[in-house]
Amino acid sequence: MLLRSKRPRDATSLSRKSDWKRRQEGSNFVDTLSLYIHSGRGGSGGVAFHREKFLAKGPPSGGPGGAGGSVYLLATSSLTSLAHLPRTVRAGGGLPGGGKWLAGKRGEDMYLRVPVGTIVREVREETEGEAEIEREEREELEWAWEASKVRLAEAEKREKRWNAWKKAKDAAAKSGAEDLGPFDELDLIDVGEHKQAALERLRKNLFSMYPNADLASHPHFLNAEHLLLSKLLSRQAALPGKKTRRRRVRVHDPEPPLHLDLTKPTPNSEPVLLLTGGPPGLGNASFQSTEDRSPKYATKGGDGDMMRLELELKSGGDVGLIGMPNAGKSTILRALTSSTPRVASYAFTTLNPHHGTCVVYYDSTFSGPRPGLSISDSPSFPLTFSATSPRPPPTSSSPDSPSRTRTEALRFTLTDNPGLVSHSSLNVGLGHAFLRHIERCSALVYVIDLSAPKPLEALETVRTELREYERLKGLDAGELEGRVRGVVANKADLFGPARADVVPEEDAEEERRQEQEEGVRKLAELKAHVAEMERSEVEQGWRSAEDGIWVVPVSAKRRENVAALVKALAETVGKERKRVKELLDEEERWEEEERRLAKERQVARRDEW
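Note that the structure is a prediction, hence the values are computed from the model and not measured.

Q: Help me out: how do you make sense of the overall build of the protein chain in this one?
A: Tallying secondary structure elements over the protein chain gives 10 helices and 16 strands in all. Expressed as a percentage of the 609 residues in the protein chain, the buried residues total 41%. In the protein chain, 79% of the contacts between residues at least 6 apart in sequence involve partners at least 24 apart. Total accessible area on the protein chain is roughly 35,400 Å²; 52% of this is exposed by carbon and sulfur atoms.

Q: Please clarify how the environment of Met209 should be interpreted in this entry.
A: Mapped onto the elements, Met209 comes out in strand S6 (residues 207-209). For Met209, a relative accessible area of 33% puts it in the partly exposed group. Spatially, the C-alpha atom of Met209 lies 6.7 Å from that of Ala298, the residues being 89 residues apart in sequence. Setting aside residues no more than four positions away along its own chain, Met209 makes contact with Arg203, Leu215, Phe221, Lys296 and Tyr297.

Q: For this particular structure, what's the right way to read the pattern of salt bridges?
A: As a working rule, side chains carrying opposite charge can pair if their charged atoms are close by. Applying the stated criterion to the full structure yields 40 salt bridges. Residues joined in a network through salt bridges with shared partners are Glu460, Arg463, Arg467, Glu481, Glu537 and Arg543.

Q: How should unusual backbone geometry be read in this particular structure?
A: A negative phi angle characterises most non-glycine residues, just as the trans form characterises most peptide bonds. Look at Phe54: it is not a glycine, yet its phi comes out positive at around 65°. Position of Phe54 relative to the elements: it lies in the loop between strand S1 (32-38) and strand S2 (71-76). Its identity is not glycine, yet Lys100 carries a phi of approximately 60°, on the positive side. Along the chain, Lys100 falls in the loop between strand S3 (88-90) and strand S4 (110-115).

Q: I would appreciate a short explanation of the packing of aromatic side chains in the present structure.
A: Each aromatic ring pair is specified by the distance between its two centres and by the angle formed by the two planes. One pass over the structure, following the stated rule, counts nine aromatic pairs. Where Trp162 meets Trp165, the ring centres are 5.2 Å apart and the plane angle is 35°; that geometry is what we call tilted. In this pair, Trp162 and Trp165 are both assigned in helix H2 (residues 130-175), three residues apart and thus about one turn of the helix distant. Summarising the aromatic geometry, the rings of Phe287 and Tyr297 are spaced 5.0 Å apart at their centres and angled 45° between planes, so their arrangement reads as tilted. A residue pair is termed long-range when its members are at least 10 positions apart, and Phe287 in the loop between strand S8 (272-275) and strand S9 (297-299) and Tyr297 in strand S9 qualify at 10 residues. Tyr297 shares its class with Phe287; the two are buried. Aromatic ring contacts, followed pair by pair, group Phe207, Phe221, Phe287 and Tyr297 into a single cluster.

Q: What is the right way to read the side chain of Thr415 from this model?
A: Inspection of the secondary structure puts Thr415 in strand S13 (residues 408-416). When residues no more than four places from it in sequence are discounted, the contact partners of Thr415 are Gly316, Gly317, Val319, Gly320, Leu321, Pro353, His354, His355 and Cys441.

Q: Mind showing me how you'd approach the pairing of strand S5 (residues 118-123) here?
A: In the sheet, S5 pairs with strand S7 (residues 259-262) via four bridges, with the strands oriented antiparallel. Directly across from Arg121, in S7, lies its bridge partner His259. Judged from the six bridges that link them, S5 and strand S10 (residues 306-313) form a sheet pairing that is antiparallel. Counterpart to Val123 in the pairing with S10 is Arg308.

Q: Is there a simple way to explain the side chain of Asn284 in this structure?
A: Tracing the chain through its elements places Asn284 in the loop between S8 and S9. Look at Asn284 and you get buried, because its relative accessible area is 0%. Excluding its chain neighbours within four sequence positions, the residues that come into contact with Asn284 are Gly46, Val47, Ala48, Phe49, Pro60, Ser61, Gly62, Pro295, Tyr297 and Ala298.

Q: So what exactly am I meant to see when it comes to H2 here?
A: Working note: α-helix, 3.6 residues per turn, so residues spaced by three or four point in the same direction. Between its first and last C-alpha atoms H2 spans 67 Å; for 46 residues at 1.5 Å apiece the expected length is 68 Å, and the two agree. Looking one or two places after H2, you find Gly176, whose phi comes out positive at around 80°.

Q: Where do I start with the environment of Lys105 in this structure?
A: Note that Lys105 resides in the loop between S3 and S4. Measuring from C-alpha to C-alpha, the distance between Lys105 and Leu95 comes to 5.2 Å, with 10 residues separating the pair along the chain. What Lys105 contacts, discounting residues up to four positions off in sequence, is Gly66, Gly94 and Leu95.

Q: Help me understand helix H8 (residues 455-473), please; the structure alone is not making it clear to me.
A: Over its 19 residues, H8 runs 27 Å from end to end, which matches the ideal 27 Å to within 8%, given 1.5 Å per residue. Buried residues of H8: Pro455, Leu459, Val462, Arg463, Glu465, Leu466, Tyr469 and Glu470, and no others. In a view along the axis of H8, the buried residues occupy a sector of 155°, so they form one face of it. The first or second residue beyond H8 is Gly474, which carries a positive phi of 75°.

Q: For this particular structure, what's the right way to read the packing of H2 against helix H3 (residues 193-206)?
A: Helix-helix packing is described using two parameters, namely the angle between the two axes and the distance between the axes. Taken N-terminus to C-terminus, the directions of H2 and H3 make an angle of 95°; their axes are 8 Å apart at the nearest point. Between H2 and H3, the crossing angle belongs to the class labelled roughly perpendicular. Along the contact surface, H2 presents Glu140, Leu141, Trp143, Ala144, Glu146, Ala147, Ser148 and Arg151, while H3 presents His194, Lys195, Gln196, Ala198, Leu199, Arg201 and Leu202. For the contact of H2 with H3, the residue count by class is seven nonpolar, three polar and five charged.

Definitions and cut-offs
- Residues numbered from 1 in each chain as written.
- Predicted model: local features only at pLDDT ≥ 70, side-chain atom pairs only at ≥ 80, totals over all residues.
- Heavy atoms only, no water.
- Helix = DSSP H or I, 4+ residues; strand = E, 2+ residues; numbered from the N terminus.
- Buried < 20%, exposed > 50% of the residue type's maximum accessible area, 1.4 Å probe, protein only.
- Contact = heavy atoms within 4.5 Å.
- Areas by Shrake-Rupley, 256 points an atom, 1.4 Å probe, with all protein chains shown as cover.
- Salt bridge = Lys/Arg side-chain N within 4 Å of Asp/Glu carboxyl O.
- Phe/Tyr/Trp six-rings, centres within 6.5 Å; stacked < 30°, edge-to-face > 60°.
- Pairing = 2+ DSSP bridges.
- Expected span 1.5 Å × (residues − 1).
- Arc of directions from axis to C-beta.
- Axes fitted to C-alpha atoms, helices over the stretch in contact; angles between N-to-C directions.
- Parallel < 35°, antiparallel > 145°, perpendicular 65-115°, else oblique.
- Nonpolar A, V, L, I, M, F, W, Y, C, P; charged D, E, K, R; others polar.

Structure (C-alpha cells):
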C-alpha cells in the first residue's frame, strides 16, 4: 500500500476548504475571494472623408474612438458577503469612431460593490517565462523603432528631392528649356528583414488604414508612426494587441501594490478608481495639417489594464461574542436583537458571522423577542402557506395589544462570531475564517457554557487562541485580549429553577439543592478566575484599570437576567464610543494646530520677502 506524503496547504486551498464546509451546510457566505479585473479597450479612430451634394472630395471626417470603460470600487453597508462577485470582471470596450466627425461611444464602467470592512489587496505575480517574453517584445520594438527611423529619414530626403525636381521642372517649362525627364527613385536602404517584418507587424497593430492606401513612404505618416513607437519604447503608452503586456505593466510598476481597508461606506459620487480604461484612438481628422490635407490613417485604441485582487471581509460590530461551539452565542443574539441565526437542540457551530442591532429605550426596555417567551429551535411559521394555514400571532402594533410610544436611548450592534475550537489559530477547522472577523469588533465578550464540566478550561482555550492569532498575524501583544470587556455565563438555568447566583431555599429537594450549589460554586470560581485574569492583563499593560471585566450569568433561551446583560453591554458601548470620540477630537486638535503653524510659517515667509 502506497502512502502519499502530505503537502503543505497554501492560503488558497485553505480558503477553498472553508467555502466547501460552508456549502455543505447550504450557506452562500463568502468572506475571501480572488478575482481578476480588466478595464475596457479603447475604440479605434475612424478613417473617413466628408461627402455631400456638390462636394465630391471633402475634408477628413473620421472621429475619435470611445475610451475604454474603467473599474471602480464601492463599499456599501447593504452587503454582508462577497458571494455576488464573479471571478472575472471586465469593463466595456469603447466603440470605433465614425464618419462626419462622430466619436465612438465610451465603454461601460464596472462598479465592484463590496461590504464595509473589506480589505482589498493587489497581487502582483510574474508567471514562468514572463521575463523572456518581455525581452523578446522589447527587442522587437527596438527593431521596429530603428527601421522606422531609417524609413523616416529616407522619406524626408525623398520629399526634398521631389520638391527640388518639381521646382526645376516648372521653371524649365516656363523658360522653354529641355525637359528634365522622370523623377529618379532611389533604392531603399536595407535595414534587415527581421527589422522590416517587426515594423510591419507593429504598424498593423497600431494603425487603421484607408482601403488601398499605400503609406509606406508617406513622410507625415512615418513621422506619426515614429513618435508613437518612441512613446512605446519609453513605456509612455501600452502596446496594443499584447494582452500579456498589461500584466507586466502591473508587475514592474514602481508604485507599491494597492492596499485598501474599507472601514466606512464609500459615497456613490466618489468611488475608488481601480483601473482606468484604455485610451481611445484618434481619427484621421486629428492628423490633418497644412502639409497633409487628406490623411488616410488613424490610430487604434489602447488596451486596458489588468489587475488581480484578493478581497478579505472582516465583519465588525460594537460588541463581538466569542466562545466555544454550542456556548449559546446565537441564542444570545436572538434574545437581544431581531436577528434570527440558526439554533438547534444539538451541538453544532455557526459557520458565518451574524449581526443584530439592540435598541435600548429610556424605560429600561430593549428590542428583541417579546418578554416571557423562550427562544425556540423550531420555525415559528409553516414552510408553506395555504387557506387553512393558521394566522400569525398579533404583533405589538395590532389592535389586540396596547400600543405605547418609547424613546430610543442607545443602539449598538452585536456580532455573533463563529465558535472557536482548540488550535483555531493554526487554521484547524475553519480557523482563520472565524478569527478574522474578531479583529473589527470594538469590544469583545466571552460567552461560556456554565453547565459544561470544565467552563474555566473553555475560557482559557479561547484566550490561548486569541493570543496565538495575535502572534501569527503580527498584532501587538494583548491587542485582542485587551478588548475583552465581559464574560457571559450562559445556560445558568440548568442548575435549578432559580438563578445560579441566588441561594436556594433550605426545604428544596436534595438533588436540586446539589445542582444549585454546583452552579453557585462554578460561578464563584469563574468570577475569581476573571478577577485574576483582569489583574494580570493590567500588570502587563494590555488594559487600563478602568476597563474592568464584568461577569453576568444568564439563560439566553429562557431570557432570564438578560436585562442585566443589556445594561452591562450598553455601559461598555458607551465607554468605547466616548473613547473613540476623544481620540477623534484629539486628532482634530492636532490637525488644527498643524494648520495654524503652517499658516504662521507662510505669513513669516511672506514678511521676509
